[in-house]
Amino acid sequence: KLGGTTKYKFINDRLGIGNTAPAKALHVGDAANVTGNGTIRLQGYSAGGSGNYHDIVSYGDNLTFYRNSTMCLFLQYNGKVGIGTNAPATTLDVNGIITSRDLIKIGAAGAYGQITFLSDRLILNGASGKALSLGTNGAWDKLFIDTAGKVGIGTTGPSVALEIKTPASADAFKIIDRSSSDVIVYASFGSTTDEGLLDLLKDNVTKVRLRANGTSY
């Protein structure tokens, strides 16, 4: 006892610290809402004698790891993990920069995608038998690469090496001159539906036009 209050209890080969009825081999703290309850401090040699330490704190159904007073890792009661945050919104929520020295797998075993860096390039890759899709603005399949390596823009079923499907009344593509902002090749709809139009330009002026309705020049 310390000051008339039991602080340590050893019973049935179990040690309780701040707990008179230890349930495990080592049981620290109880349900009391007091400062320091449920806290383990680890402190060893610190270069320069600065007295640095690490605390492991169990409070409010959560588990928090500190380096001095700085929170490093937060384990929420629902299984979510926060690094640099005590309010993880997802299974793993990191407030900061993540570095991986190997590949990152995303998805279930055998059906995952992966991100890795190989020698001089970043690699995004689907598992065997899986395609790759890139999206924007909350929608995927803006750029689609099938398992044979065929690329679809606006389509998930490219039948050739590169297939572009435009929305209604939209341009298919254009090529800009490398040394200026001038358009040199331009493909779009013609004046009617399903009518292809291909322009070759110089100084942004059409010099050659191929039109599916036969009025080329």
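Whatever comes next refers back to the structure up there.
Bear in mind that the values here come from a model prediction, so they are computed numbers and not experimental data.

What counts and how
Residues numbered from 1 in each chain as written. Predicted model: local features only at pLDDT ≥ 70, side-chain atom pairs only at ≥ 80, totals over all residues. Heavy atoms only, no water. Pairing = 2+ DSSP bridges. Helix = DSSP H or I, 4+ residues; strand = E, 2+ residues; numbered from the N terminus. Axes fitted to C-alpha atoms, helices over the stretch in contact; angles between N-to-C directions. Polar contact = N/O pair within 3.5 Å; in protein donor to acceptor, adjacent residues only side chain to side chain. Contact = heavy atoms within 4.5 Å. Phe/Tyr/Trp six-rings, centres within 6.5 Å; stacked < 30°, edge-to-face > 60°. Lys NZ or Arg CZ within 6 Å of the ring centre and 35° of its normal. Patch = residues over 30% accessible without salt bridge, like charges linked within 9 Å, V, L, I, M, F, W, Y side chains within 5 Å. Areas by Shrake-Rupley, 256 points an atom, 1.4 Å probe, with all protein chains shown as cover. Salt bridge = Lys/Arg side-chain N within 4 Å of Asp/Glu carboxyl O. Buried < 20%, exposed > 50% of the residue type's maximum accessible area, 1.4 Å probe, protein only.

Strand order in the open sheet made by the 3 strands is β10-β11-β12, with antiparallel pairing throughout. In this open sheet, the two edge strands, each paired with only one partner strand, are β10 (104-106) and β12 (121-126). Averaged over all neighbouring strand pairs, the angle between strand axes comes to 20 degrees, with direction disregarded. As judged from the 6 bridges shared by strand β11 (residues 113-118) and β12, these two strands associate in the antiparallel manner. Bridging across to β12, Ile 115 finds its partner in Leu 124.

Here Asn 62 is to be found in strand β6 (residues 62-67). From its side chain, Asn 62 meets the backbone nitrogen of Tyr 77 in a polar contact 2.8 Å long. For Asn 62, the residues in contact, after removing those within four places along its chain, are Val 57, Phe 74, Leu 75, Gln 76 and Tyr 77.

Moving on, we get to the sheet that holds strand β9 (residues 92-94). Within a sheet, each strand pairs with its neighbour through backbone hydrogen bonds, oriented either parallel or antiparallel. Pairing in this open sheet of 6 strands is mixed, and the strands run β4-β5-β6-β7-β8-β9 from one edge to the other. What marks the edges here is a single partner per strand, and that holds for β4 (39-42) and β9. On average, each strand axis in the sheet is inclined to that of its neighbour by 15 degrees, with strand direction left out of account. Relative to strand β7 (residues 70-75), β6 runs antiparallel, the two sharing 5 bridges. Residue pairing for β7: Tyr 66 is matched across the bridge by Met 71.

What follows deals with the packing of aromatic side chains. Summed over all chains, the structure comprises 0 aromatic pairs. Sitting over the ring of Tyr 53, Arg 41 keeps its end group 3.6 Å from the ring centre.

Moving on: a nonpolar patch on the surface. Taken together, the side chains of Ile 104, Ile 106, Ile 115, Phe 117, Leu 122, Leu 124 and Leu 134 define a hydrophobic patch exposed on the protein surface, amounting to about 650 Å² of accessible area. Those elements that place two or more of their residues in the nonpolar patch are β10, β11 and β12. With respect to the secondary-structure elements, Leu 134 resides in strand β13 (residues 132-136).

Here we take up the pairing of strand β19 (residues 196-202). Here β19 shows a buried face lined by Leu 197, Asp 199 and Leu 201 and an unburied face lined by Gly 196, Leu 198, Leu 200 and Lys 202. Here strand β18 (residues 183-189) runs beside β19; their pairing, made up of 5 bridges, is antiparallel. Directly across from Tyr 186, in β19, lies its bridge partner Asp 199. Direction of pairing for β19 relative to strand β20 (residues 205-211): antiparallel, over a ladder of 6 bridges. Directly across from Lys 202, in β20, lies its bridge partner Val 205. Hairpin connection, β19 to β20: the antiparallel pair is bridged by 2 residues, and Asp 203 has positive phi, about 55 degrees.

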